Amino acid sequence: MSQPNNSVNRRTFLKSSALAGGGLLLSFTFLSAFKKGELSADLEAEDQWYEITGYIKITPDNKIKILNPNPEFGQNVMTSLPMIVAEELEVDWTKIIVEMGPHDNVKLGPQFTGGSNSVRMYWKPLREAGAAARQMLLLGAAQTWNLPVEELTAKAGMIYHEKSGKSGTYGEFASRAATIPIPKGVKLKEAKNFKLVRNSQKNVEGQKIVSGKPLFGIDYKQEGMLIAMIEHPPAFGMKLKSFDATEALKMPGITDVFRQTLYEPGMEQGGFDTRTFNELLVVVGKTTWEVMNARKKLKVSWEPAGETKDIINGRTGKKEVVVPGKLETTSEQRKLMQEYANRPAQQLRKDGDPETAFKNAAQIIERTYNAPFLAHNCMEPMNFFAHVTADKALLVGPLQAPAWTEPLLSKVLGLPADKIEIQMTRMGGGFGRRAYGHYLAEAALISKKVKAPVKLIYTREDDMTYGIYRPMYTATYRAALDANKNLIGFHVKGGGIPEHAIHANRFPAGAVDNYLAEAWEIPSNITIGAFRAPRSNFNAAAEQSFLDELAEAMGKDPIDFRLELLKRAKENPVGKNNEYDADRYAGVLQLVKEKSGWNKEENKKYSRGVAAYFCHNSYAAHVIDFINKDGKPTVERVFSAVDCGIVVNPDAASNMVEGAVIDGIGNALYGALTHKEGAAEQNNFHRYKMIRMNETPRQIDVHFVQNDIDPTGLGEPPFPPVFGAVANALYRATGKRYYDQPYGPQLNSAKRAF
Amino acid sequence: MISLTINNKTYNLDVDPATPLLWVLRDHLDLVGTKYGCGMAQCGACTVHLNGEAVRSCVTRVSQAAGKKVVTIEGLSETNEHPLQKAWLELDVAQCGYCQTGQIMSAAALLRKNSHPTDKDIDAAMAGNICRCGTYLRIREAIHLAADMGKK
């Protein structure tokens with residue numbers, strides 16, 4: 001094998017990566033492209049790195065590197081995924097070099113951050129990779145020493161032959177191990193033997209974060225790079241008519257102003273190619289501030305876009321979608337939703353005979369819940385670096401789904417996928433927003449047009465008003481009680497703009513004999529997409545508030561009532577396709593009941609709300625305690641119980657749950673994006689209220705159910721039930737039920753925020 | 001030409017005096033630890049010290065910083081071992097990490113004035129810094145921990 005040198009570029013690297021088997025590889029991080037003198041130490045030392053499976057690289061002097069395959073947006077996969085590899089590889093964690101992997105779905109798996117899937121989908125492949133690599137190193141040692149592999153053991157980056165007293169580092173056998181075909185079916189550890197997994201390890205990028213190192217896409221820079229921004233229409237339903245850039249072009253630093261079509265007419269879009277505006281007015285210049293200033297000098301006329309059509313080929317197949325042209329206003333949207341709610345809807349699930357149950361009911365409880373659009377508001381606004389030349393493209397920045405974005409780039413640039421390189425930086429938040437790769441396509445087209453490396457930056461205003469939002473939702477829940485206050489029928493009818501949120505096969509489906517779920521949708525030109533626990537983030541607010549009210553009407557404790565329903569769902573389930581595991585669901589309720597001292601006298605001083613939910617394969621329950629401070633209900637403490645199976649990195653997992661609780665409280669109390677004539681009424685944080693430190697609880701106690709179930713996901717599940725627990729606690733604090741999000745404005749007045 | 005003292009280093013820059021200090025730091029000096037979040041002093045991601053006071057660099061014109069002492073996260077301590085940085089690591093505060101440099105700079109200004117702040121002091125001093133991931137409880141605890149380190 002030849003000695004690599006610094007001139008080996010990424011293109012060569014990707015080519016050699018594609019070779020079967022081992023092979024010598026040179027690692028590359030975006031930092032090394034960032035600035036001379038910040039080259040990673042290994043690169044400068046011109047180390048020989050031997051690849052032992054796609055995830056592991058080892059030098060002859062026993063430096064061990066583990067690649068994190070999945071984009072990092074704060075869920076801590078840079079640490080937890082390499083931990084999983086290291087567990088099976090048998091290495092000293094403190095000596096491991098962790099690096100973000102390149103975009104390479106052949107070697108590094110699906111590389112998608114979202115759906116609480118990072119740990120869940122990588123759990124088995126990473127364990128197998130770690131175990132296979134350990135076996136390759138053992139075989140390498142066996143060949144070198146000419147000993148039977150069965151007599152060798154691996155521990156902390158060393159290989160031992162006990163009988164002869166021989167030992168050697170992994171590094172000594174790396175070159176030989178790299179030539180051995182990756183073995184399949186190597187036995188994995190039993191959970192009880194984990195040494196690293198289940199033990200808290202600190203964030204491997206912690207030091208870089210607290211010292212302000214260039215980790216994020218917005219920090220990326222290349223020699224000769226220009227800054228680009230897009231002047232968007234002032235409202236959904238509008239488009240660019242004409243512009244005069246004379247004054248803008250006179251501004252210092254400005255190099256170009258032009259019109260750019262994003263997707264050519266008729267282009268088939270993937271399910272995550274959502275974009276809001278197709279005709280872009282682009283301003284390019286030397287520095288961010290100069291471009292910001294020049295935008296103010298543009299003279300632009302906009303016009304109604306009218307009805308448009310998109311061809312979407314997503315998960316549900318290829319279809320033509322008509323995008324309405326109307327300039328929408330929130331109050332009118334609400335009226336329209338009320339109209340739709342009274343019309344016949346699509347039946348999603350029916351068990352028993354709900355019509356008769358409601359006809360015979362002694363009491364019917366009916367409540368309607370509403371929630372507004374929400375903006376993701378990642379702290380790092382959307383941005384991406386692109387350098388597109390005639391025959392290739394380099395893109396660097398923050399995104400959740402490189403594998404979904406590459407085909408889009410290929411389409412808009414007319415380049416084959418293997419000529420497109422995407423490097424993933426740390427993301428300053430994602431929450432679903434960065435699963436939509438339109439901003440990479442924008443950056444790439446701009447770079448292609450100006451023939452230079454370009455960093456596209458959204459201002460906060462661009463980010464907030466040109467979003468891929470959480471949809472606007474509503475749902476009406478009805479319960480039928482007999483004369484003895486038994487629940488005999490349950491009906492949910494939900495709708496939304498432009499999608500409904502109803503999960504027809506989730507609790508309490510399966511626990512009620514007569515059950516009906518229906519839904520409807522209203523098309524819109526306001527763009528929507530995934531937002532932390534899509535749909536669940538509304539359902540858990542509505543359904544869990546309704547169950548609380550129902551328990552009260554039935555004279556039952558809200559936790560006991562849910563447990564009774566779950567018992568029924570477990571012992572004698574109604575219907576088919578119930579998505580949840582009643583035992584795990586009940587488990588988090590029981591745990592939170594115990595840990596919160598639910599029935600204890602000393603906790604009576606709190607206004608307590610409980611809620612639980614299942615989504616994304618995991619289970620979470622919260623008890624939220626409010627107190628009255630200065631005459632206003634104030635959140636004081638939170639108890640959380642989560643069942644996500646094996647917890648890889650417990651302290652970081654707790655941090656994630658704490659964050660989900662804060663995020664949930666913030667959005668439940670304040671989150672709302674409203675529109676007037678198509679224009680977002682909130683464009684920055686002075687109008688879009690975010691939860692701040694003085695509004696947070698004093699204490700959040702996080703408890704995980706201890707079991708040996710393979711990890712089932714954590715980023716999303718704890719988030720939705722927070723909304724319900726907040727609503728239920730506020731009811732106990734104020735004597736008033738809360739049906740419309742956000743709840744905060746109603747605490748001071750009867751005013752609705754949207 | 002504007003003369004700036006940033007992290008004890010002098011820079012002479014030919015920039016529009018109205019340019020926000022934030023963009024001078026990020027675009028001209030490659031000091032990217034100071035983050036852009038809102039551009040209107042609403043989120044605190046761009047917090048730096050100007051003569052020891054926490055200011056939002058996104059609304060501080062570079063001309064206002066001339067002749068004053070600017071400290072950014074890169075210069076908070078020579079070895080990145082400020083008690084706050086150590087406390088942040090000890091409690092593994094960060095999730096996405098984007099806001100944390102601004103949080104640390106706000107906290108450092110607080111501790112300089114008030115070496116042992118109460119929860120209420122911390123809440124008041126930190127209310128201008130948004131953390132979208134919701135790490136507020138760990139931030140609060142880390143400030144207490146750093147205050148304790150400073151005492152020892």
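Residues numbered from 1 in each chain as written. Chains lettered and ligands numbered in written order. Predicted model: local features only at pLDDT ≥ 70, side-chain atom pairs only at ≥ 80, totals over all residues. Heavy atoms only, no water.

## Observations regarding the side chain of Lys 455 of chain A
1) Next: Among the structural elements, Lys 455 of chain A can be located in strand β21 (residues 454-457).
2) Next: Here Lys 455 of chain A sits buried without a salt bridge, and the closest side chain of opposite charge, Asp 27 of chain B, lies 5.6 Å off (N-O distance). (Helix = DSSP H or I, 4+ residues; strand = E, 2+ residues; numbered from the N terminus. Buried < 20%, exposed > 50% of the residue type's maximum accessible area, 1.4 Å probe, protein only. Lys, Arg positive; Asp, Glu negative; His and termini not counted. Salt bridge = Lys/Arg side-chain N within 4 Å of Asp/Glu carboxyl O.)

## Quick look at the domain arrangement of chain A
All names here are of chain A.
1) Next: Domain boundaries in chain A define domain 1 (10-201), domain 2 (219-310 + 376-465) and domain 3 (346-357 + 469-748).
2) Next: Buried surface at the junction of domain 2 and domain 3, both sides included, amounts to about 1,700 Å², of which 61% is carbon and sulfur.
3) Next: The tally of links between domain 2 and domain 3 comes to 0 salt bridges.
4) Next: On the surface where domain 2 and domain 3 come into contact, there are 8 residue pairs in polar contact (both at pLDDT 80 or more).
5) Next: Class assignment for the residues of the side of domain 2 that touches domain 3 results in 7 nonpolar, 7 polar and 4 charged. (Domains from an automatic or database assignment. Buried area = accessible area lost by both parts, 1.4 Å probe. Polar contact = N/O pair within 3.5 Å; in protein donor to acceptor, adjacent residues only side chain to side chain. Nonpolar A, V, L, I, M, F, W, Y, C, P; charged D, E, K, R; others polar.)

## Description of the packing of aromatic side chains
All names here are of chain A.
1) Next: Applying the stated criterion to the full structure yields 30 aromatic pairs over all chains.
2) Next: Their ring planes at 5 degrees and their centres at 6.1 Å tell us that Phe 490 and Tyr 515 sit as a pair that is stacked. Of this pair, Phe 490 sits in strand β23 (residues 487-497) while Tyr 515 is found in strand β24 (residues 514-521), placing the two residues 25 residues apart along the sequence. Here the two residues Phe 490 and Tyr 515 agree in accessibility, since each one is buried.
3) Next: Joined through ring pairs, the aromatic side chains of Phe 236, Phe 277, Phe 373, Tyr 458, Tyr 466 and Tyr 469 make up one cluster.
4) Next: Between Arg 343 and the ring centre of Tyr 340, over which it is positioned, the NZ or CZ distance is 4.3 Å. (Phe/Tyr/Trp six-rings, centres within 6.5 Å; stacked < 30°, edge-to-face > 60°. Lys NZ or Arg CZ within 6 Å of the ring centre and 35° of its normal.)

## Here's the deal with the pattern of salt bridges
Residue and element names in this part refer to chain A.
1) Next: Evaluation of the coordinates by the stated rule reveals 59 salt bridges over all chains.
2) Next: Salt-bridge contacts for Glu 380 lead to Arg 434; the nearest nitrogen and oxygen are separated by 3.8 Å. In this pair, Glu 380 sits in the loop between β17 (363-371) and β18 (383-388) while Arg 434 sits in the loop between β20 (420-424) and α14 (438-450), placing the two residues 54 residues apart along the sequence. Here Glu 380 matches Arg 434 in class, with each residue buried.
3) Next: Across the pair Asp 560 and Lys 593 runs a salt bridge whose closest N-O atoms are separated by 2.9 Å. Pair noted here: Asp 560 is in helix α17 (residues 558-571) and Lys 593 is in helix α18 (residues 582-595), with a separation of 33 residues, a long-range link.
4) Next: The network of salt bridges with shared partners includes Arg 367, Asp 548, Glu 549, Glu 552, Arg 732 and Arg 737.

## Structural notes on helix α13 (residues 402-413) of chain A
All names here are of chain A.
1) Next: Spanning 12 residues, α13 covers 16 Å between terminal C-alpha atoms, matching the ideal 16 Å at 1.5 Å per step.
2) Next: Those residues of α13 not exposed but buried are Pro 402, Thr 405, Glu 406, Leu 408, Leu 409, Ser 410, Val 412 and Leu 413.
3) Next: Looking one or two residues past α13, Gly 414 carries a phi angle of roughly 65 degrees, positive in sign. (Expected span 1.5 Å × (residues − 1).)

## Comments concerning the environment of Phe 258 of chain A
Residue and element names in this part refer to chain A.
1) Next: Within the fold, Phe 258 resides in strand β10 (residues 254-261).
2) Next: Taking relative accessible area as the criterion, Phe 258 reaches 5% and is therefore assigned buried.
3) Next: Each C-alpha atom of the pair Phe 258 and Ile 446 lies 9.3 Å from the other, and the pair is 188 residues apart in sequence.
4) Next: With near-sequence residues (within four places) excluded, Phe 258 lies in contact with Phe 243, Leu 280, Leu 281, Val 282, Val 284, Ile 446, Lys 449 and Val 450. (Contact = heavy atoms within 4.5 Å.)

## Quick notes on the domain arrangement of chain B
All names here are of chain B.
1) Next: Under the domain assignment, chain B is made up of domain 1 (2-75) and domain 2 (83-151).
2) Next: Put simply, the middle of domain 1 and the middle of domain 2, counted by C-alpha atoms, are 21 Å apart.
3) Next: Taken residue by residue, the interface counts 17 residues in domain 1 and 14 residues in domain 2.
4) Next: When the two sides are added together, the surface that domain 1 and domain 2 hide from each other amounts to roughly 1,300 Å², 54% of it contributed by carbon and sulfur.
5) Next: Here domain 1 and domain 2 share 1 salt bridge between them.
6) Next: The residue Glu 53 makes a salt bridge to Lys 113 at a minimum N-O spacing of 3.4 Å.
7) Next: Sorting the residues of the side of domain 1 that touches domain 2 by element identifies β3 (47-50) and β4 (53-56) as the ones contributing at least two each.
8) Next: Counted by class, the side of domain 1 that touches domain 2 contains 7 nonpolar, 7 polar and 3 charged residues.

## Some words on the sheet that holds strand β27 (residues 632-643) of chain A
Residues and elements named next belong to chain A.
1) Next: In spatial order, the strands read β25-β26-β27-β30; together these 4 strands make up an open sheet with mixed pairing. Of all strands in the sheet, those with a lone pairing partner are β25 (607-615) and β30 (699-704), marking the two edges. Averaged over all pairs of adjacent strands, the angle between strand axes in this sheet comes to 20 degrees, irrespective of strand direction.
2) Next: Note that β27 and β30 share 6 bridges and pair parallel. Residue Arg 637 lies in a different strand from β30, and its bridge partner there is Gln 699.
3) Next: Across the sheet, helix α20 (residues 720-734) is in contact with β25, β26 (618-629) and β27; its angle to β25 comes to roughly 160 degrees. (Pairing = 2+ DSSP bridges. Axes fitted to C-alpha atoms, helices over the stretch in contact; angles between N-to-C directions.)

## Notes on the interface of chain A and chain B
1) Next: Facing the 60 residues of chain A at the interface are 53 residues of chain B.
2) Next: Of the roughly 4,800 Å² buried between chain A and chain B, counting both surfaces, carbon and sulfur atoms make up 56%.
3) Next: By the criterion of area lost to chain B, the three top residues of chain A are Val 210, Met 379 and Met 693 of chain A, representing 17% of everything that side buries.
4) Next: The tally of links between chain A and chain B comes to 8 salt bridges.
5) Next: Here Arg 138 of chain B and Glu 658 of chain A are joined by a salt bridge, their closest N and O atoms 3.0 Å apart.
6) Next: Our count for the chain A to chain B interface comes out at 30 residue pairs in polar contact (both at pLDDT 80 or more).
7) Next: It is helix α19 (residues 650-670) of chain A that contributes the most residues to the side of chain A that touches chain B, 9 residues altogether.
8) Next: Here the residues of the side of chain A that touches chain B are counted per class, giving 23 nonpolar, 23 polar and 14 charged.

## What to know about helix α11 (residues 330-341) of chain A
All names here are of chain A.
1) Next: End to end, α11 covers 16 Å across 12 residues, agreeing with the expected 16 Å (1.5 Å per residue, within 8%).
2) Next: Along α11, the residues that are buried comprise Thr 330, Gln 333, Arg 334, Met 337 and Tyr 340. Buried positions in α11, seen along its axis, are confined to an arc of 120 degrees and lie on one side of it.
3) Next: The secondary structure elements touched by the buried residues of α11 are β17, β22 (472-481), β23, β24 and β28 (675-676). (Arc of directions from axis to C-beta.)

## Topic: the state of the cysteines
All names here are of chain A.
1) Next: This structure, assessed with the given rule, holds 0 disulfides over all chains.
2) Next: There is no disulfide at Cys 644, and the cysteine sulfur nearest it, in Cys 615, is 12 Å away.
3) Next: On the accessibility criterion, Cys 644 (5% relative accessible area) is buried. (Disulfide = S-S within 2.5 Å.)

## As for the side chain of Gln 682 of chain A
Residue and element names in this part refer to chain A.
1) Next: With respect to the element layout, Gln 682 can be found in the loop between β29 (679-680) and β30.
2) Next: Among the polar contacts made by the side chain of Gln 682, one reaches the main-chain amide nitrogen of Thr 674 at a distance of 2.8 Å.
3) Next: The contacts of Gln 682, once residues within four sequence positions are left out, are Met 464, Thr 465, Ala 672, Leu 673, Thr 674, Arg 687 and Tyr 688.

## Observations regarding the nonpolar core
In summary, soluble globular proteins display a tendency toward joint burial of nonpolar side chains.
1) Next: Judged by nonpolar contacts, the single largest core of 267 residues is most densely connected at Ile 52 and Leu 550 of chain A.
2) Next: With 12 residues, the single largest contributor to this core is helix α6 (residues 118-145) of chain A.
3) Next: One finds Leu 4, Leu 13, Leu 25 and Val 62 of chain B within the second-largest nonpolar core, a separate group that totals 17 residues. (Core = buried A, V, L, I, M, F, W, Y, C linked by side-chain atoms within 4.5 Å.)

## A few points about the sheet that holds strand β6 (residues 158-161) of chain A
Through backbone hydrogen bonds, the strands of a sheet pair up, either in parallel or in antiparallel fashion.
Residues and elements named next belong to chain A.
1) Next: What the 3 strands build is an open sheet, ordered β5-β6-β7; its pairing is antiparallel. Strand pairing shows two members of the sheet lacking a second neighbour, β5 (152-155) and β7 (166-169), which therefore form its edges. Taken pair by pair, the neighbouring strands of this sheet meet at an average axis angle of 20 degrees, ignoring direction.
2) Next: Where β6 and β7 come together, 4 bridges link them in antiparallel fashion. Across the sheet, the residue bridging to His 161 is Lys 166, located in β7.
3) Next: Contacts from α6 reach β5, β6 and β7, with the element oriented near 135 degrees to β5.
4) Next: Strands in contact with helix α7 (residues 170-177) are β5, β6 and β7; relative to β7, the strand with the most contacts, it is inclined by about 75 degrees.

## Overview of the pairing of strand β2 (residues 9-13) of chain B
The two faces of the sheet receive side chains in turn, since in a regular strand these alternate between them.
All names here are of chain B.
1) Next: Of the strand pairs in this sheet, strand β1 (residues 2-6) and β2 are connected by 5 bridges, and their pairing is antiparallel. Paired with Thr 5 across the strands is Thr 10, a residue of β2.
2) Next: Counted between consecutive antiparallel strands, the loop separating β1 from β2 contains 2 residues, among which Asn 7 sits at a positive phi close to 50 degrees.

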